[in-house]
Amino acid sequence: KQWYQRRVAITAGDGDLSQGFKEVDEKLFCGTCYFERFGEKCANCGKTCVGSVIQALGKSYHPEHFTCFECGNVLKEGFNVDNGNPYCSACHTNFLPLCAGCNKRI
């Protein structure tokens with residue numbers, strides 16, 4: 001489908017289409033609006049992920065928002081999963097079974 005400058009101006013509103021645009025359901029969106037509406041959303045904050053993205057547990061996260069479910073520390077190197085939630089190694093020890101003799105985590 002060809003879009004002419006006059007048609008673009010009417011359809012797109014105030015968005016800057018000089019750098020290109022995306023068409024969705026015969027509606028035009030500038031790059032900024034397209035990513036705000038249709039881009040990956042961070043599972044923690046709900047905002048659009050632009051730039052670096054962490055894909056984990058079937059979700060997308062800003063790197064600074066991929067955190068331990070228990071303590072909230074950013075998970076930079078490895079993590080454990082329990083009940084579908086990410087945990088740092090320190091917090092995940094709470095899920096380890098107890099020794100029947102000394103009652104310490106195994």
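Because the structure is predicted, anything quoted here is derived from the model rather than measured.

**Student:** Help me understand a nonpolar patch on the surface, please; the structure alone is not making it clear to me.
**Tutor:** Side chains of L57, F79 and V81 sit close together on the surface and give an oily, nonpolar patch of about 220 Å² of accessible area. Relative to the helices and strands, V81 resides in strand 5 (residues 80-82).

**Student:** How should the pairing of strand 1 (residues 21-24) be read in this particular structure?
**Tutor:** Consecutive side chains along a regular strand alternate between the two faces of the sheet. The pairing of strand 1 with strand 2 (residues 27-30) spans four bridges and is antiparallel. Across the sheet, residue F21 finds its bridge partner in strand 2, namely C30. Counted between consecutive antiparallel strands, the loop separating strand 1 from strand 2 contains two residues, among which D25 sits at a positive phi close to 50°.

**Student:** For this particular structure, what's the right way to read the environment of Y61?
**Tutor:** Its location among the elements puts Y61 in strand 4 (residues 59-61). Through-space distance from the C-alpha of Y61 to that of G46 is 9.0 Å; in sequence the pair is 15 residues apart. The residues touching Y61, leaving out its near neighbours within four places in the chain, are C42, A43, N44, C49, S52, V53, I54, A56 and F66.

**Student:** What is the right way to look at the packing of aromatic side chains in this model?
**Tutor:** Two measures describe an aromatic ring pair: the distance that separates the ring centres and the angle between the ring planes. The final tally for this structure, using the stated rule, is six aromatic pairs. When the centroid spacing of 5.9 Å and the interplanar angle of 75° are considered together, the rings of F69 and Y87 count as edge-to-face. Within this pair, whereas F69 is found in the loop between strand 4 and strand 5, its partner Y87 is found in strand 6 (residues 85-87), the two being separated by 18 residues in sequence. By relative accessible area, which is 52% here, F69 ends up exposed. According to the relative accessible area criterion, Y87 is buried, its value standing at 4%.

Basis of the calculations
In every chain, residue numbers begin from 1 and rise along the written sequence. pLDDT decides what is reported in this predicted model: residues at 70 or higher carry local features, side-chain atom pairs at 80 or more are listed and counted, and totals for whole chains, interfaces and linings draw on all residues regardless. Hydrogens and waters are ignored; side-chain quantities use all the structure's heavy atoms. Each patch is built from residues lacking any salt bridge and having more than 30% relative accessible area; the joining distance is 9 Å for like charges and 5 Å for nonpolar side chains (Val, Leu, Ile, Met, Phe, Trp, Tyr). Per-residue and other accessible areas were derived by the Shrake-Rupley procedure at a 1.4 Å probe size, with only the shown protein chains allowed to occlude residues. The salt bridge criterion pairs a side-chain nitrogen of Lys or Arg with a carboxyl oxygen of Asp or Glu, the two atoms within 4 Å. Where helices and strands are cited, they refer to DSSP runs of H or I of at least four residues and of E of at least two residues respectively, numbered from the N terminus. Here the rule is simple: two strands pair whenever DSSP picks up at least two bridges between them. Contact criterion: two residues are considered in contact whenever any of their non-hydrogen atoms come within 4.5 Å of each other. Two aromatic rings from Phe, Tyr or Trp, using only the six-membered ring of Trp, form a pair when their centres are within 6.5 Å; if the ring planes differ by under 30 degrees the pair is stacked, by over 60 it is edge-to-face, and anything between is tilted. Each residue is assigned to one of three classes by its accessible area relative to the maximum for its type, calculated with a 1.4 Å probe on protein chains only: buried under 20%, partly exposed between the two thresholds, exposed over 50%.

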